[in-house]
Amino acid sequence: METGYAAVAITRLQDYCPPAYLIDSVALDVDIRDGVTTVTSSLSLRRNPVSPESTVMTFNGEGLTLRTLALDDVVLDSSRYRYENDLLTVQGLPATCTLTSVVDIEPENNTALEGLYQSNGMICTQCEAEGFRRITFFPDRPDVLARFTTTVRADKARYPLLLSNGNPVAWGDEKSHGEEGARHWVTWEDPFPKPCYLFALVAGDLACLEDTFVTVSGRKVALRLYAEHRDLDKLDHAMASLKNAMRWDEQTYGREYDLDIYMIVAVSHFNMGAMENKGLNIFNTSCVLAHPATTTDAGFQRVESVVAHEYFHNWSGNRVTCRDWFQLSLKEGFTVFRDQEFSADMHSAAVKRVEDVDFLVNHQFPEDQGPMAHAVRPEKYQKIDNFYTLTIYEKGAEIVRMQYHLLGAENFRKATDHYFEINDGKAVTCDDFVASMEAVSGYDLSQFKRWYSQAGTPILTVTDEYRDGQYHLRFRQHTPATPGQEQKQPLVIPIRLALLDEQGAPCALDAGGNGAAEGEQVVIMDQAEQTVSFNVPAGVTPSLLRGFSAPVVLDYDYSVDQLARLLAYDSDGYCRWNAAQRLYFAALDRLVTETDEADAEAAALVPVLEQVIARSDEDPAQAALLLSLPGEVALGDRHKPLNPASIHRAHSAMKKALGKALQSHWLSLSENLLATELSMDGRAMGRRQLRNLALDFLAAGEHPEAGRLAVELFELPLCMSEELGALRALVHHGLPGADQALTQFADRWQDEALVMDQWFAVQASVPGAHTVEQVSRLLEHPAFDWKTPNRVRALVGTFTNGNPSAFHAENGSGYQLFSAALSRLDAINPQVAARLANGAARLPVLEPGRKALLTERLAEVKKTASGNVVEVLGRILAS
Ligand SMILES: [Zn+2]
């Protein structure tokens, strides 16, 4: 225990204990008034049959001003209860009773954005994971499921719209209260029992886009999307996405929507992306608003997938929920897998898979290999908010994906049907999910389940030899130690593979079951070492982990010729992309020590890249992925100790050399891919992506036409992807007209918050130490606001996580900026601050000079930090 730091209690999985009392129903009355909102709650308590002796129950409550507490309508004497340390303990409870509390809260002063808070004049909620305790007393844990009836009261003119979960059952005007003017109320009833983290309430003056959806059984559902009046024209894409998602879930999982209304509300102040509250989703504006003029193509795709994700939670999360927060991946991993498959079905499945793998290996792998490494089902936490991580979400999805492939599509569907059927209305565990997989397939997945409990990224080392007329592949797996988990056991690793002959054609393989396609085989590895032999001619190239069949680091010593063959001929999108990445990394690694060789390294890559460019019309989005250099962060993770300045030198030298070596191609792609009219289909988006990339390379290669092309595009863009691509090229490469473009862009979009976020992000991501000063200036910009998480993420988050050569400036100025920002933000919003603190996770691998500078800053911040930030910084500093 270090002295001087705040102590934060640890919650452990092994200590799970069912609640002493259950709650059958909740009647809430939320009376919204200026300054103070009064919440009256009546809880129908029933002793939990598993704890027949209980007469005491504790309720969570944070920052509540208790006015009265009554048991079965009799006001309780203060000797019967205690409210301290955010817990209300009530004694002498009968087997069944009603506990009524009246509390005051102040949503206007809630900057943590958890519980009930104000955003641009609207009152809204965020309760997952533990926000409900800031609204009223309640056992704030996901295994207490209750039926909610909620009455909301407020001023009619300011809050014409009063929403909560379920269906509206009664409404009316309140009698006049003198000066306050006319007030009104609405009562909502949610027939489905739910944990309190799914509670939602919205009061505001909002515009609505309305539509209907007829479910597979013929029920008519009202779909209502709400946003500020000025944003009404930005809801069409979300509506279309929602209807697609509803249909897809019926067809793919047999899941039908269950209430009469489905609502989404867009909120500009939001800690996360979106929240799946039953029947009343609340979304960060960035995940629901979309219009070609203001939203990039990537933004459109994000809206589609987040709308689908939250909708899918209605079954995977709401109807079947988590027993405790250690099981968070039960709902998140499964639902991410579902939304990934939905997006794959809506667009190019190959491109989608590569994008997801790219994200996983460049973001989740570093988390899994650094101080924040934790299992998909962790054993302990201090603040559950800190565990909404890529490991829980993205690695969790990979674990579900492996089960999907192990069982095959048909059995997997039977297993999910089984899971939903037997667990409907219950709070369950990851074990229950796997049990359904085992029940329908007859497979024993007990060893497979180590994926849930073992942290760290396994390394799969593959060697091969041709001997006695056979080709032998030898696999070895090893998972490095992670904090608190020294010893690792062998995992079940499905290895989907093919063997390409010298002409690049797949050899005939014995599929051997396990869902392998033609020319493929799936090896199920469950030992530390395994060898597999094949009757194929000599000289084959192994195409390994096809479709990225397991979330592991592949260590196989490919030759340059083999990689070129995979890139040119492999039918698997992931393996082609991986081959390109390996070629880039090999060249970049050499340049970290030998910067002068950039032209030679680029020249060696030209023939293979020209092949990709020649085929780019087949699938422009895939070509863009294949032609994209790995980022500086990913390159830096290969070099220990880490010196971000030498990484930056190598990276920019390579980009410049490729810009020059392929300049005629970049020029023709920049010119020929220019569209004359706007289309938002996948192919048009792919062409824009490829053209923006070409323009970036053209500018990196200092081509004289780059500036003209960027300015022309910036002046007359068809959509935000074009406008932003041009702005980025101008600003990142310091082209003439960059400053003017920034001014023009800010003038044009000053009233569009999400576009201004991009304006901040473009500037925060300019590589080089000089950007520290620019970010400092932008922190003082009138449009910068510490209380808006999107704005903070756009500026400080982009700087910290996406600009290593500035963040790690040698003189420590980036660390100074970061630590000051972290402390300032922590005082306002600890949850968002803790997420920002993760930006320092590479501390242990930094070269000694930078490490000392950053350590000093972090230790200073930690002295006065919130519990959320203390947990993150504590782990980073201890490693
Ligand atoms: Zn989710």
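Here the structure is a predicted model, which means the values were calculated and not measured.

Trainee: Whenever I open this one, empty space enclosed by the protein confuses me. Can you help?
Mentor: It is the rolling of a water-molecule-sized probe over the atoms that shows where space remains empty. By the definition in use, this model includes four cavities of 30 Å³ or more. Of the pockets and cavities examined, the largest cavity occupies roughly 80 Å³. What lines the largest cavity is a set of 10 residues, among which His405, Pro494, Arg496, Val522 and Ser549 lie closest to the centre. Considering every element that reaches the lining of the largest cavity, the biggest residue donor is helix 5 (residues 390-407), with four residues.

Trainee: Explanation requested: the confidence of the model for the chain in the structure shown.
Mentor: Parts of the model with low pLDDT should not have their predicted coordinates read in detail. Mean pLDDT over the chain: 96, with 98% of residues reaching 70 or higher. Low confidence marks residues 1-6, where pLDDT is under 50. Its contacts with residues over four positions away, or in another chain, come to seven contacts.

Trainee: What should I look at first to understand the nonpolar core in this one?
Mentor: Of all hydrophobic cores here, the largest spans 284 residues; its most connected members are Phe138, Phe475, Leu497 and Leu499. Element by element, the count of residues in this core is highest for helix 10 (residues 573-593), at 12 residues. When near neighbours in sequence (up to four residues on either side) are disregarded, Phe475 contacts Leu460, Thr461, Val462, Ile495, Leu497, Val523, Met525, Ala528, Glu529, Gln530, Val532 and Leu544.

Trainee: Whenever I open this one, the sheet that holds strand 11 (residues 122-126) confuses me. Can you help?
Mentor: Sheet strands line up and pair through hydrogen bonds in the backbone, either parallel or antiparallel. Taken in spatial order, the four strands make up an open sheet running 10-11-16-13, and their pairing is antiparallel. Because the sheet does not close on itself, it has two edges, and the strands there are strand 10 (115-119) and strand 13 (161-164). Across the sheet, the mean angle from the axis of one strand to that of its neighbour is 20°, orientation sign disregarded. Summarising the sheet, strand 13 and strand 16 (residues 201-204) pair through four bridges and their orientation is antiparallel. Bridge pairing in strand 16 links Leu161 to Gly204.

Trainee: Any chance you could explain the coordination of the zinc ion here in plain terms?
Mentor: Tetrahedral metal sites with four donors have an ideal angle of 109.5 degrees; octahedral sites with six donors have ideal angles of 90 or 180 degrees. In the first shell of the zinc ion, the protein supplies His309 (NE2), His313 (NE2), Glu332 (OE) and Glu332 (OE), at 2.0 to 2.7 Å from the metal. Counting the intervening residues between successive donors of the zinc ion yields the motif H-x3-H-x18-E. Note that His313 is positioned in the loop between helix 2 (297-312) and strand 22 (321-322) and Glu332 in helix 3 (residues 328-346), a separation of 19 residues in sequence. You'll find His313 and Glu332 in the same group, each marked buried.

Trainee: Sorry, what's going on with the side chain of Lys352 here?
Mentor: With respect to the helices and strands, the residue Lys352 is situated in helix 4 (residues 349-369). Other than its neighbours up to four places away in sequence, Lys352 contacts Gln340, Ser343 and Ala344.

Trainee: Please explain the pairing of strand 11 as it appears in this structure.
Mentor: Looking along a regular strand, one sees the side chains alternate between the two faces of the sheet. Taking burial as the measure, the five residues of strand 11 include five buried ones, the bulk of the element. Burial along strand 11 is two-sided: the face carrying Met122, Cys124 and Gln126 and the face carrying Ile123 and Thr125 are both buried. Alignment of strand 10 against strand 11, held across five bridges, turns out to be antiparallel. When the sheet's bridge partners are listed, Tyr117 is paired in strand 11 with Cys124. The hairpin formed by strand 10 and strand 11 contains two residues between the paired strands, and Asn120 there has a positive phi angle of roughly 45°. Across two bridges, strand 11 lies against strand 16 in antiparallel orientation.

What counts, and where the lines are drawn
Residues numbered from 1 in each chain as written. Predicted model: local features only at pLDDT ≥ 70, side-chain atom pairs only at ≥ 80, totals over all residues. Heavy atoms only, no water. 1 Å grid on protein atoms, 1.4 Å probe; cavity = no way out; pocket = protein on both sides within 12 Å on 5 of 7 lines; lining within 4 Å. Points joined across faces, edges and corners; volume = space filled by probe spheres on them. Helix = DSSP H or I, 4+ residues; strand = E, 2+ residues; numbered from the N terminus. pLDDT = per-residue confidence, 0-100. Contact = heavy atoms within 4.5 Å. Core = buried A, V, L, I, M, F, W, Y, C linked by side-chain atoms within 4.5 Å. Buried < 20%, exposed > 50% of the residue type's maximum accessible area, 1.4 Å probe, protein only. Pairing = 2+ DSSP bridges. Axes fitted to C-alpha atoms, helices over the stretch in contact; angles between N-to-C directions. Donors = N, O, S within 2.8 Å, 3.2 Å for Na, K, Ca; no water.

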